[in-house]
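Structural description and commentary
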Amino acid sequence: MKVRLTAFAIAVTILFAGTVFGIGKQAALAKAQRLTVLFQQSNIPDDMIVKEYAETWAKEKGVDLNFQIIDENELRSKTIAAIESKFGPDLILFPDYSAYLYQDSLSPLDDLVNGLGEKYGGWFPVCEQAFCYDGHWKAVPYKTFVKPLVYRKDLIKGVNEAVPDTWEDVARVSKKITDKYPGVYGFGVAIGPRSDGPNSIRSLLWSYGASIVDKDGNVALDSKEAVEAFAFLKDWYSSGGMAPGVPGWDDSDNNRAFMAEKIAMTINASSIYDAAKNDFPDTLGKVTGHAACPKGPAGRFGNASSQGLGIPLYSENKELAIDFLRYMYTSERLKRITTETSGGATMMLNDVVKDLPIWDDPDLRALLDISKVSYLIGYPGKITRAASAVRSEFVLVNVAARMLIEDLSPEETVRLATKEVKEIYARYK
Amino acid sequence: MISQRQHDHLLGYLLLIPISFIVLVFIGYPFITAIWFSFTKKYVGSPALYIGLKNYTTLFRSSTFWLVVRNSFVYTLSAIFFKMTLGMLIAKLLNRDFFGKDVVGGIFLISWVIPMAISALAWKWIFQDIGGILNWILMRLQLVKYDVPFLSIPKLALGIAILVNVWRGLPFFALSFQGALKTVPRDQYDAARIAGASPVQIFWYVELPNIRNVVMIVLMLTTVWTFADLQVIWILTRGGPGNLTQVFATYTYEIAIGTGDLGLGITVSLVMFPLLGVMILYLTGIMSKGRKEG
C-alpha cells in the first residue's frame, strides 16, 4: 500500500512539473517576435499571394510567422474562440459583417487606414460602412468580390438572344435555353441556407425597389415591391427556366452544375469563370462570360461582399501586425493580387485598381462596374446586429425556398418573411 | 496507523482526482457557464449582462424554434424506431448460422467505421439533383424524365437525413443486441418451444426481458446522440430547404456562430436538456426496476 501511494505521489509530481515547464516554455515563446495570422481559404489564389507576402516580410524582419489558411466555417469558430478567450491570432481576416459584430474587441486602425486612403485616392464607398464604426476604423479593408451574371455565350447565342440585362431578360432567356437544350437548365443559383442564396435574393429585392429595412433601420419588407419580386421569382421557377433543385443547393452546386454544362447562367463570384478559363481553356473557357448583375425596375443592385484585416485588442504584437500591413499595402503588391485573381479579389483603393490592364477585358470589367453599385446587408440602412442575424439565419432564402416548394403565394411569403424579420429585429432592439 | 481497507479507500479517491479535475474543468465549468449565459445577453467579445428569462421567452415566441422542435423530434424518434427494429432483426439474423455470415457481418460494419462526414457527403452525392447517382440511374432506366430534386422536397429531405442516420447507426444497435441475445439462457428457449410459443412470443416473453437493460442503454445513448446530431443535417441540407430540416444542433450553430449571439444560441441547446433528462431518468428507472426484479 505504501508503495502504491508513493508511486502515485511521484506520478503527480512529474505531471505537475511537466505542466509548469510547458506553460513556462509557451510564455517564453510568446515573448519572442512572433506573428500569427488567421486567413480565409479562397477559391481564387489571393490567400496564397498574401501568405507569400507574409513569409517574405517575416524573413526580412526575422519574425516567427504562423500563417493559417482555413475555410470560412472554421474561421468563424476560431475567431469567436480567440475573441472570447482573449488569446490567439494577432491578425484576423474578417469576412462580410463579422468585423461589425466584434468591433468592441478590435484595435482602432485610424492612422493606418486613413493614411492609405489619402495616399491611394480614397477607399471604395462601401468600406466605411463595412469597417468604420463610430468614426473608428476597426479593420483595414482588404478585398471586395462581387457576383456577376456568369453565362454561356454559345447557348445564349443559340437561342438568338443578347446577353440579358434585366431579371426579366434572364428569366426569358433561361426558359428558351431549357426548352432548346435537353439536359440543360437556363439558370441555377442556390436558394438555400448558404452564402449565394441570400446575396441573390437581396439583389433581386433591391432591384425591385424593396428592402428589408428602410434607411432609418425600420422593418420595411412588407411592401408591394417585395411581393412583386417574390412573384417574379415564383413565376420564373414555375416556368422551368430554373433548375428545380435550387432550394436544396449549396454554394458549390451552381459551380458544379455550370462546369458540368448543366446550367447556362448563374450568379457567382469569379471562381466559375477562373476555373473555366484555367481548366478548360479550349472549351468552356472560350464560351464563359461575365455580365453585370441583372437590373430590375428600380435599378441595378449587387451585393458587396467585402473582407477586412483586423487586430484583436488582446494581441501583444499589434505594432508587428501593422508593420506587416504597411508592407503588404503598397500599390504594386495590391495590384498583383487584383491582377492575378482576374479581379476576383478587387482591392478597395481607387488609385490602385482604376487603370489595371485586366479591365480591358469586358468580362472582367463587369466586376469593377458591379462593385460600384454594390451594397451591404442592412442597405439602405446601416449594418446592425439584427441585419446580420437576418442574414445568418437565412430568413430570405428560407421563405423563398418554402414559397417555391410549398407553393405559397408571394403575399403569404412576404408576410412570413416580415414576421420573422420583425421577430429578429425585436430581439435586438 | 490506518487499516488496509482505509488505505484502499484513500488510494481509490486519490486516483479519482485527475479525472475529476478534467471533468470539472473541461465539462463541468463550461456547462455551468453555459447555463449562466442562457440568462444573459451575451455577444462574442462583450460581457454578459443578466436579462433573466428573456432568451427563453424570445425562443418560445419564435415560429422557427417550434419548427426546430418538431423536426428534432421527428428526426430522432423516426431514426430510433428504424434503428431499433432493423437492428433487432439483423441481430437475430447474425445469430443464426449461414454461409458467409462472417463476411456479411464485416461488410455490415463498414457504415460504422467510415467517418460520418464522408458518409454524409457520399449520400449527398447520391441524392443530388444535378450529377447525382440516383438521378443518373433513374434516367438511364427511363423511370424519370427530368432530374428529381430529392433534397429540395421537404418531407423527403428529412427522410433522407433519417435514412443516413439509420444507415450509420444500425451496426451499433445490431451488434449490441446480437451480443445481448447470446446471453439469453438456452433452457428458457427450450421451455418456450415446448410450451408451443410462436417466434414472436419467444421474442416478447423470453428474449426481450433478458436483454432489457442492454436495450435501455442503447436506446438512451442513441437518443442523446441523435438529438444532438449536427453532421448529417449540416452536410446534407444545412437545415434547409426553408428550415424544414432544421434541428437543435444546426439552429444553435446558426445563432451562436453565425450571429455571434452566444446567449440565445446556448439557450437553444439547453432547451434540449430537460427533455433528455426526463427520458434518461425514466429509462434509468426501468433498468433499476429490472435489476431488482432479477
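Just so you know, the residues in each chain are numbered from 1, in the order the chain's sequence is written. The order in which chains are written sets their letters, starting at A; the order in which ligands are written sets their numbers, starting at 1. Only residues with pLDDT of at least 70 are given local features in this predicted model, and only at 80 or more are side-chain atom pairs given and counted; all residues enter the totals for whole chains, interfaces and linings. Water and hydrogen atoms were dropped before computing side-chain values, which therefore reflect all heavy atoms in the structure.

Residues and elements named next belong to chain A. In this analysis the probe radius is 1.4 Å and the grid spacing 1 Å, with only protein atoms considered; a cavity is a set of points the probe fits into but cannot get out of, a pocket is an open set with protein on both sides within 12 Å along at least five of seven lines, and lining residues have an atom within 4 Å of a point. Grid points are joined across faces, edges and corners, and a volume is the space filled by probe spheres set on the points. The tally for this structure, following the rule as stated, stands at 6 cavities of 30 Å³ or more. Taken as a whole, the largest cavity encloses approximately 110 Å³ of empty space. Lining of the largest cavity is provided by 14 residues; of these, Arg 202, Ile 212, Ala 387, Val 390 and Arg 391 occupy positions nearest its centre. Segments assigned H or I by DSSP are reported as helices when at least four residues long, segments assigned E as strands when at least two residues long, and all are numbered from the N terminus. The set of elements that each furnish at least two residues to the lining of the largest cavity consists of helix 9 (196–207), helix 18 (385–392) and helix 19 (395–406). Residues that form the lining of the largest cavity fall into these classes: 11 nonpolar, 1 polar and 2 charged. Residue classes follow a fixed rule: Ala, Val, Leu, Ile, Met, Phe, Trp, Tyr, Cys and Pro count as nonpolar, while Asp, Glu, Lys and Arg count as charged, and any other residue, Gly among them, counts as polar.

Another point: the pattern of salt bridges. Residues and elements named next belong to chain A. We define a salt bridge as a side-chain nitrogen of Lys or Arg found within 4 Å of a carboxyl oxygen belonging to Asp or Glu. Tallied over the entire structure, the rule returns 31 salt bridges over all chains. One salt bridge connects Arg 152 with Asp 154, and the closest N-O pair in it is separated by 2.8 Å. Think of it in three bands: with a 1.4 Å probe and only protein chains considered, a residue is buried below 20% of the maximum accessible area for its type, exposed above 50%, and partly exposed in between. Since its relative accessible area comes to 5%, Arg 152 is described here as buried. Asp 154 sits in the partly exposed class, given a relative accessible area of 31%. A salt bridge links Arg 172 to Asp 169; the shortest N-O distance between them is 3.1 Å. Taken together, the residues Arg 172 and Asp 169, both in helix 8 (residues 167–180) and 3 residues apart, mark about one turn of the helix. Three or more residues joined by partner-sharing salt bridges are found here, namely Glu 161, Asp 169, Arg 172 and Lys 176.

A few words now on the packing of helix 9 (residues 186–194) of chain B against helix 10 (residues 199–227) of chain B. Residue and element names in this part refer to chain B. With axes taken as lines fitted to C-alpha atoms, and helix axes fitted only over the stretch in contact, angles between N-to-C directions fall between 0 and 180 degrees. Where helix 9 contacts helix 10, the two axes come as close as 10 Å, and the packing angle between them is 165°. Taken as axis vectors, helix 9 and helix 10 run roughly antiparallel relative to one another. The crossing of helix 9 and helix 10 is right-handed. Taking contact as the criterion, the partners of Gln 188, Tyr 189, Ala 192 and Arg 193 in helix 9 are, on helix 10, Ile 202, Val 206, Glu 207 and Asn 210. Between 65 and 115 degrees an angle is taken as roughly perpendicular, under 35 as roughly parallel, over 145 as roughly antiparallel, and anywhere else as oblique. By convention the crossing between two helices is left-handed if the near helix lies anticlockwise of the far one by an angle smaller than a right angle, and right-handed if it lies clockwise. Residue contacts are counted whenever heavy atoms from the two residues lie within 4.5 Å of one another.

The next thing to look at is the nonpolar core. With 168 residues, the main nonpolar core has Tyr142(A), Phe324(A), Tyr329(A) and Ile337(A) as its most contacted residues. The contact partners of Phe324(A), leaving out residues within four places of it in the chain, are Leu35(A), Val50(A), Tyr53(A), Ala54(A), Trp57(A) and Leu91(A). In these notes, a set of buried Ala, Val, Leu, Ile, Met, Phe, Trp, Tyr and Cys residues joined through side-chain atoms within 4.5 Å is what counts as a nonpolar core. Counting residues in hydrophobic clusters, the runner-up holds 19 residues, among them Leu158(B), Ile160(B), Ile162(B) and Val247(B).

Let us now look at a nonpolar patch on the surface. Residues enter patches when their relative accessible area tops 30% and they take part in no salt bridge; the joining distance is 9 Å for like charges and 5 Å for the nonpolar side chains Val, Leu, Ile, Met, Phe, Trp and Tyr. Using a 1.4 Å probe, accessible areas were evaluated by the Shrake-Rupley method; residue-level cover was limited to the displayed protein chains. Together, Tyr13(B), Leu16(B), Ile19(B), Phe21(B), Ile22(B), Val23(B), Leu24(B), Val25(B), Phe26(B) and Ile27(B) give the surface a local cluster of nonpolar side chains, amounting to about 1,000 Å² of exposed area. Tracing the backbone through its elements, the reader meets Ile27(B) in helix 1 (residues 4–37).

So, on to the packing of helix 3 (residues 63–94) of chain B against helix 10 of chain B. Residues and elements named next belong to chain B. Where helix 3 contacts helix 10, the axes come no closer than 11 Å and their chain directions differ by 140°. Accordingly, the angle class assigned to the pair helix 3 and helix 10 is oblique. Every pair of crossing elements has a handedness; the one defined by helix 3 and helix 10 is right-handed. Residue-level inspection shows Ser 72, Phe 73, Tyr 75, Thr 76, Ala 79, Ile 80, Lys 83, Met 84, Met 88 and Lys 92 of helix 3 in contact with helix 10, the latter providing Phe 203, Glu 207, Leu 208, Ile 211, Val 215, Leu 219, Thr 222, Thr 223, Thr 226 and Phe 227. Looking at the contact of helix 3 with helix 10 residue by residue, the classes come out as 12 nonpolar, 5 polar and 3 charged.

What follows is about the interface of chain A and chain B. In this assembly, 47 residues from chain A lie in contact with 50 residues from chain B. Here chain A and chain B share an interface that buries about 3,900 Å² over both sides, 54% of which is from carbon and sulfur atoms. Here chain A and chain B share 2 salt bridges between them. Two residues, Asp250(A) and Lys124(B), come together in a salt bridge whose shortest N-O distance is 2.6 Å. Polar contacts here mean pairs of N or O atoms no more than 3.5 Å apart (in protein, one a potential hydrogen donor and the other a potential acceptor; neighbouring residues in sequence count only if both atoms are side-chain atoms). Put simply, chain A and chain B have 14 residue pairs in polar contact (both at pLDDT 80 or more) between them. At the level of elements, helix 1 (2–31), helix 3 (72–85), helix 11 (253–259), helix 18, helix 19 and helix 20 (410–427) of chain A are the ones that each hand at least two residues to the side of chain A that touches chain B. Per-element tally for the side of chain A that touches chain B: the top contributor is helix 3 of chain A, with 6 residues. Class assignment of the residues belonging to the side of chain A that touches chain B gives a composition of 22 nonpolar, 8 polar and 17 charged. Defined here as a combined quantity, buried area equals the accessible surface (1.4 Å probe) lost by two parts on assembly, summed across both.

The next subject is the sheet that holds strand 9 (residues 263–267) of chain A. Residues and elements named next belong to chain A. Paired strands are those between which DSSP finds at least two bridges. In spatial order, the strands read 8-9-7-10; together these 4 strands make up an open sheet with mixed pairing. Lying at the two open borders of the sheet, with one neighbouring strand each, are strand 8 (185–187) and strand 10 (288–291). The average angle at which neighbouring strand axes cross in this sheet is 20°, direction not considered. With respect to the sheet, helix 8 is in contact with strand 7 (149–152), strand 8 and strand 9, its orientation differing from that of strand 8 by roughly 170°.

Our focus in this paragraph is the packing of aromatic side chains. Residues and elements named next belong to chain B. Here is the rule: rings of Phe, Tyr and Trp (six-membered ring for Trp) pair when centre to centre is within 6.5 Å. Planes less than 30 degrees apart are stacked, more than 60 are edge-to-face, and the remainder are tilted. For the structure shown, the criterion picks out 34 aromatic pairs over all chains. Ring centres 5.5 Å apart and planes at 15° place the aromatic pair Trp 112 and Phe 172 in the stacked group. With Trp 112 in helix 5 (residues 110–113) and Phe 172 in helix 8 (residues 154–181), the pair connects residues that are 60 residues apart, well separated along the chain. Relative to Phe 150, the ring of Phe 127 has its centre 5.6 Å away and its plane inclined at 80°; by these criteria the two rings are edge-to-face. In this pair, Phe 127 sits in helix 6 (residues 116–127) while Phe 150 sits in the loop between helix 7 (133–140) and helix 8, placing the two residues 23 residues apart along the sequence.

Residue and element names in this part refer to chain A. We call a pair of cysteine sulfur atoms a disulfide whenever their separation is within 2.5 Å. Applying the stated criterion to the full structure yields 0 disulfides over all chains. The thiol sulfur of Cys 127 is not disulfide-bonded, and the nearest other cysteine sulfur, from Cys 132, lies at 10 Å. The exposure class of Cys 127 is buried, given its relative accessible area of 0%.

What follows is about the pairing of strand 7 of chain A. Each regular strand displays side chains that alternate between the two surfaces of the sheet. Residues and elements named next belong to chain A. Covered by surrounding structure in strand 7 are Leu 149 and Tyr 151 together with Val 150 and Arg 152, the residues of both alternating faces. In the sheet, strand 7 pairs with strand 10 via 4 bridges, with the strands oriented antiparallel. Within the sheet, the bridge partner assigned to Tyr 151 lies in strand 10 and is Gly 289. Strand direction decides the pairing type here: strand 7 and strand 9, joined by 3 bridges, are antiparallel. If you follow Val 150 over to strand 9, its bridge partner there is Thr 266.

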